[in-house]
Amino acid sequence: MQTREIAEHEIVSAWLAAATGRPETATALWHENPHLPRRLGCGMTFDIVLADRSLIEAAYQLLDQYEQPLGPAVVFTNLRSAAVLVPRGTGAVWHSLMAASQWPDRLPRPACLGEGHAILVPALAPRPPSGIVRWLVPPDGEQSVGGAPLLTSPAPLARCLSEAGALLAPPERTPLSRAVSAVRSVLPSPKRT
């Protein structure tokens, strides 16, 4: 999935500023430095679902195939993780949403972080893709509800993460496959001529 950049949008900028301790100061700083990444507090205007980058990308492809709205998501270029911005309060129900889905034992479960956590998001101003964080899907000020951009719905996200996890999980090692591997490891390798 390609990452995208967007132009600064006042609704989105105000919404992001509300996730800081001082919205007016943040807005002024961002106007002076439009390419500056933004450190935002979770639990104020959104929570985040944090997971492996390939898992988030696969889940977003599935959400798109199922014609579900795609809210903002970021990828961390120096890590193998990504985060989806979801409605505030999702952290309180995330465990039950994930418990309702079948999750492969071989993959770590996505976590939902709310109040007390923070996230770094890239600037909204266009810029060549660089830095430690980029938008996978940027917030869209044109599709806003009550002054907030449309966010990814937690229930479809949990289902698509579960489906993506099943697709991306390494194959389960059965007792028989472990025994075959053990026998192969002690047998001499065949000679090639």
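See the structure shown above.
Residues numbered from 1 in each chain as written. Predicted model: local features only at pLDDT ≥ 70, side-chain atom pairs only at ≥ 80, totals over all residues. Heavy atoms only, no water.

So, the environment of Ser54
Counting through the fold element by element, Ser54 comes out in helix α3 (residues 53–65). Taking the C-alpha atoms as reference, Ser54 lies 9.8 Å from Val75; in sequence the two are 21 residues apart. Polar side-chain contacts of Ser54 include one of 2.4 Å to the side chain of Asp52. (Helix = DSSP H or I, 4+ residues; strand = E, 2+ residues; numbered from the N terminus. Polar contact = N/O pair within 3.5 Å; in protein donor to acceptor, adjacent residues only side chain to side chain.)

Quick word on the state of the cysteines
With the rule as written, the count across this model stands at zero disulfides. As a non-bridged cysteine, Cys42 has Cys112 as the owner of its nearest cysteine sulfur, 8.6 Å distant. (Disulfide = S-S within 2.5 Å.)

As for the nonpolar core
Val49, Ile56, Tyr60, Val84, Trp94, Leu157 and Leu161 are the most contacted members of the largest nonpolar core, which has 25 residues in total. Mapped by element, the contributors of at least two residues to this core are β2 (46–52), α3, β3 (73–76), β4 (81–87), α4 (90–99), β7 (133–137) and α5 (154–168). Examining the composition of this core, we find that seven residues originate from one element, α3, more than from any other. In this view, Ile56 contacts Val49, Ala51, Ala82, Val84, Leu136 and Leu161; residues no more than four positions away in its chain are not counted. (Core = buried A, V, L, I, M, F, W, Y, C linked by side-chain atoms within 4.5 Å. Buried < 20%, exposed > 50% of the residue type's maximum accessible area, 1.4 Å probe, protein only. Contact = heavy atoms within 4.5 Å.)

Considerations on the packing of α4 against α5
Relative orientation of the contacting elements α4 and α5 amounts to 40 degrees, with a least axis distance of 10 Å. Classified by the angle their axes make, α4 and α5 are oblique. Crossing handedness for the pair α4 and α5: right-handed. Of the residues in α5, those in contact with Thr90, Trp94, Leu97 and Met98 of α4 are Pro154, Ala155, Leu157, Ala158 and Leu161. Class assignment for the residues of the contact of α4 with α5 results in eight nonpolar, one polar and no charged. (Axes fitted to C-alpha atoms, helices over the stretch in contact; angles between N-to-C directions. Parallel < 35°, antiparallel > 145°, perpendicular 65-115°, else oblique. Left-handed = near helix turned anticlockwise from the far one by under 90°. Nonpolar A, V, L, I, M, F, W, Y, C, P; charged D, E, K, R; others polar.)

Remarks on the side chain of Ser162
Along the polypeptide, Ser162 turns up in helix α5. Owing to a relative accessible area of 9%, Ser162 belongs among the buried residues under this scheme. With residues near it in sequence (within four places) discarded, Ser162 still touches Ser101, Gln102 and Trp103.

Digging into the packing of aromatic side chains
Taken as a whole and judged by the stated rule, the model has one aromatic pair. Taken together, a centroid distance of 5.5 Å and an interplanar angle of 45 degrees make the contact between Trp15 and Phe46 tilted. You can see Trp15 sitting in helix α1 (residues 10–17) and its partner Phe46 sitting in strand β2, a full 31 residues away along the chain. Here Trp15 and Phe46 have matching classes, each one buried. Between Arg38 and the ring centre of Trp30, over which it is positioned, the NZ or CZ distance is 4.1 Å. (Phe/Tyr/Trp six-rings, centres within 6.5 Å; stacked < 30°, edge-to-face > 60°. Lys NZ or Arg CZ within 6 Å of the ring centre and 35° of its normal.)

Observations regarding unusual backbone geometry
Peptide bonds are trans in most cases, and residues, glycine excluded, mostly fall at negative phi. Notably, Glu67 is not glycine yet its phi reads approximately 60 degrees, a positive angle. You can see Glu67 is positioned in the loop between α3 and β3. Among the residues examined, Glu67 registers a relative accessible area of 72% and is labelled exposed.

Comments concerning the pattern of salt bridges
Applying the stated criterion across every chain yields a total of two salt bridges. Across the salt bridge formed by Glu57 and Arg53, the nearest N and O atoms sit 3.1 Å from each other. Here Glu57 pairs with Arg53, and both are found in helix α3, just four residues apart, close to one helical turn. Residue classification places Glu57 among the buried positions, given a relative accessible area of 16%. (Salt bridge = Lys/Arg side-chain N within 4 Å of Asp/Glu carboxyl O.)

Description of the packing of α3 against α5
One way to put it is that α3 packs onto α5 with a least axis distance of 8 Å and a crossing angle of 120 degrees. With respect to their mutual orientation, α3 and α5 come out oblique. α3 and α5 meet at a crossing whose hand is right-handed. Residues Ser54, Leu55, Ile56, Ala58, Ala59, Tyr60, Leu62 and Leu63 of α3 pack against Pro156, Leu157, Cys160, Leu161, Glu163, Ala164, Gly165 and Leu168 of α5.

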